[in-house]
Amino acid sequence: MKRSLPPYFAWISLLAFALASCCSVKSVSSGGKAGEISDAFSSATFEKINLKAIADYRDKELAGRLLVKKTGDGIYKIAFYNELGMTYLEGTFIPASGRNYFKMNNIIPALDNRIFIKSFAKCLQKVFSFRENAGPSPGKPPEGGNLLVVRLKNGFSLGLTVPE
Amino acid sequence: MDEMRINILMLLTLISLEAISQETPVKDPSKLVEQVNLFSQKTSTITADFTQVKEMSFLEEKVISSGKFYFQKEKLLRWEYTSPFSYAIILNGDRIRIIDEGRSKDFDAGSNRMFLEISNIMTGMVDGTLLAGSQFTTTWYEAQGYYRAVMIPNVAAMKGYLARIELKLNKEDYSVDELKMIEKSGDYTLITFLNKKLNETIPAAIFRLD
């Protein structure tokens, strides 16, 4: 039986859309001082920023600090580490680039999987592009007074807050 | 002639400085380990201030923090950061509490192998008992005032992340002066213990979880 082209392409498009939406953003919620975080990232006015960060995936929580340092030409070096000094991951983030916007430099073996890396990068991308005035996407209301949370459809979330 | 004397003096000073800072392998590590074990047996509590420097080579950054440390036999430990953030880990037997800027979270090390390993390593690093275990292969060096243990992990999970741990022990009483954790990436965390007090009474409230 000869396949007709238009339905075939429709199938391909549907499949591509479904795959993309696995990692697409479900919601971004914020409140209070979180506006400072989003403003800082979207306007890229900081040289260095150190935030409390919580990555949450399938009921597993990874808490620590996110250090973001501007190195020049729109490039940011990022380290996610815990208070005891253990580095979870380090990488380079280029907000203006195309597909390869986050390049991992090193990551602990326990986190070295495609889903985590891709989800983390997607959340970072959203944080860098978040506009406070655009308002949060439909989703849960802001959780904490100072928390900026990006939630993905696959259940991964990254919460950032200004340390007290 | 005067210039020659100055040059000889400088040369002698450099040679003596080099001799002071140079580390040499410990000839009989087993005797040293005995001394460390003796220290561990004689010590029931340790209280100290600490400073922590985390070196991140990729970011070319140093993150400095400080706090207070309490240890009591057998398995009571409180590792508390006071600057620049408020964060504490309290080990009380098989129970662990993390207090992060006032918010507490409890874990049961007894039913969680990873937490059990962490609590054993933390207490072992402090009281020196880690040196006697099989989790690490240890090489010993000495210099004026201290011994240095270079510990390379044998456990696969730890090997994937940690290149080595270095402990600097005070030659006077064999207590830990410095702890350095070197990650495979090259980053390291250096913890220096200051104002150490041994065998002083620590209030029970420091370790209480209830």
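Below, the structure is looked at part by part. What you see is a predicted model; the values in this text were computed from it and never measured.

Moving on: empty space enclosed by the protein. Using the criterion set out here, one finds two cavities of 30 Å³ or more in the structure. As a volume, the largest cavity reaches approximately 60 Å³. Lining the largest cavity, in full, are B:Ile46, B:Phe69, B:Val126, B:Ser175, B:Val176, B:Phe193 and B:Lys196. Within the lining of the largest cavity, the residues separate by chemical class into five nonpolar, one polar and one charged. Reported here for the second largest cavity is a volume of approximately 40 Å³. The wall of the second largest cavity is formed by A:Tyr81, A:Asn82, A:Glu83, A:Gly85, B:Gln52, B:Lys54, B:Val63, B:Ser65 and B:Phe85. Mapped by element, the contributors of at least two residues to the lining of the second largest cavity are strand E2 (45-56) and strand E3 (61-72) of chain B. Grouping the amino acids of the lining of the second largest cavity by side-chain chemistry returns three nonpolar, four polar and two charged.

Residue and element names in this part refer to chain A. With respect to the secondary-structure elements, Leu-158 resides in strand E8 (residues 157-161). Its relative accessible area of 0% is what places Leu-158 among the buried residues. In this structure, the C-alpha to C-alpha distance between Leu-158 and Ala-55, residues 103 residues apart in sequence, is 4.6 Å.

All names here are of chain A. Considering the arrangement of structural elements, one finds Asn-82 in the loop between strand E4 (75-81) and strand E5 (87-93). A distance of 3.1 Å separates a polar atom in the side chain of Asn-82 from the backbone nitrogen of Leu-84. When residues no more than four places from it in sequence are discounted, the contact partners of Asn-82 are Ala-63, Gly-64 and Tyr-88.

By secondary structure assignment, the location of A:Glu90 is in strand E5. As a buried residue without a salt bridge, A:Glu90 has its nearest oppositely charged side chain in B:Lys54, at a separation of 6.3 Å. Here A:Asn106 takes part through its side chain, which lies 2.4 Å from a polar atom of the side chain of A:Glu90. For A:Glu90, the contacting residues outside a window of four places in its chain are A:Ile78, A:Ala79, A:Met104, A:Asn105, A:Asn106, B:Met56, B:Phe58, B:Leu59 and B:Asp187.

Once that is clear, we can look at the environment of B:Ser65. Residue and element names in this part refer to chain B. Residue position: Ser-65 is located in strand E3. Judged by relative accessible area, Ser-65 falls into the buried class, the value being 3%. Taking the C-alpha atoms as reference points, Ser-65 and Ile-191, 126 residues apart in sequence, are found 9.4 Å from one another. If we ignore the near neighbours within four places in the chain, the residues touching Ser-65 are Phe-50, Thr-51, Gln-52, Tyr-81, Ser-83, Pro-84 and Phe-85.

For the rest of this paragraph, the subject is the pattern of salt bridges. Scanning the entire structure with this criterion turns up 17 salt bridges over all chains. The closest approach of N and O atoms between B:Glu61 and A:Lys69, which form a salt bridge, is 3.1 Å. On the criterion of chain membership, the pair formed by B:Glu61 in strand E3 and A:Lys69 in strand E3 (residues 60-72) is interchain, its members lying in two chains. With a relative accessible area of 11%, B:Glu61 lands in the buried category. The buried category is assigned to A:Lys69, whose relative accessible area is 17%. Beyond isolated ion pairs, a larger network of salt bridges with shared partners links B:Glu23, B:Arg148, B:Arg164 and B:Glu166.

Below, the discussion takes up the packing of aromatic side chains. Residues and elements named next belong to chain B. Inspection of every chain in the model, using the stated rule, returns 18 aromatic pairs over all chains. Taken together, a centroid distance of 6.1 Å and an interplanar angle of 10° make the contact between Tyr-147 and Tyr-174 stacked. Taken together, the positions of Tyr-147 in strand E9 (residues 146-153) and Tyr-174 in the loop between strand E10 (162-170) and strand E11 (176-183) put the pair 27 residues apart, joining distant regions of the chain. For the pair shown, Tyr-147 and Tyr-174 are each scored as buried. One residue, Lys-168, lies across the ring of Tyr-146, its end atom 4.2 Å from the ring centre. The positively charged end of Lys-171 is found above the aromatic ring belonging to Tyr-147, 5.0 Å away from the centroid.

Pairing between the strands of a sheet is mediated by backbone hydrogen bonds and can be parallel or antiparallel. All names here are of chain B. Read from one edge of the open sheet, twelve strands run E1-E8-E9-E10-E11-E12-E2-E3-E4-E5-E6-E7, paired in antiparallel fashion. In the strand order of this sheet, the two ends are held by strand E1 (24-25) and strand E7 (103-108), each with one partner. Two strands pair when backbone bridges link them, and strand E5 (residues 87-92) and strand E6 (residues 95-100) are joined in this way by six bridges, in the antiparallel orientation. What sits directly across from Tyr-87, in E6, is Asp-100. Helix-sheet contacts for helix H2 (residues 29-42) involve E2, strand E8 (136-143), E9, E10 and strand E12 (188-198), and the interaxial angle to E8 is about 95°.

So, how was this worked out
Residues numbered from 1 in each chain as written. Chains lettered and ligands numbered in written order. Predicted model: local features only at pLDDT ≥ 70, side-chain atom pairs only at ≥ 80, totals over all residues. Heavy atoms only, no water. 1 Å grid on protein atoms, 1.4 Å probe; cavity = no way out; pocket = protein on both sides within 12 Å on 5 of 7 lines; lining within 4 Å. Points joined across faces, edges and corners; volume = space filled by probe spheres on them. Nonpolar A, V, L, I, M, F, W, Y, C, P; charged D, E, K, R; others polar. Helix = DSSP H or I, 4+ residues; strand = E, 2+ residues; numbered from the N terminus. Buried < 20%, exposed > 50% of the residue type's maximum accessible area, 1.4 Å probe, protein only. Polar contact = N/O pair within 3.5 Å; in protein donor to acceptor, adjacent residues only side chain to side chain. Contact = heavy atoms within 4.5 Å. Lys, Arg positive; Asp, Glu negative; His and termini not counted. Salt bridge = Lys/Arg side-chain N within 4 Å of Asp/Glu carboxyl O. Phe/Tyr/Trp six-rings, centres within 6.5 Å; stacked < 30°, edge-to-face > 60°. Lys NZ or Arg CZ within 6 Å of the ring centre and 35° of its normal. Pairing = 2+ DSSP bridges. Axes fitted to C-alpha atoms, helices over the stretch in contact; angles between N-to-C directions.

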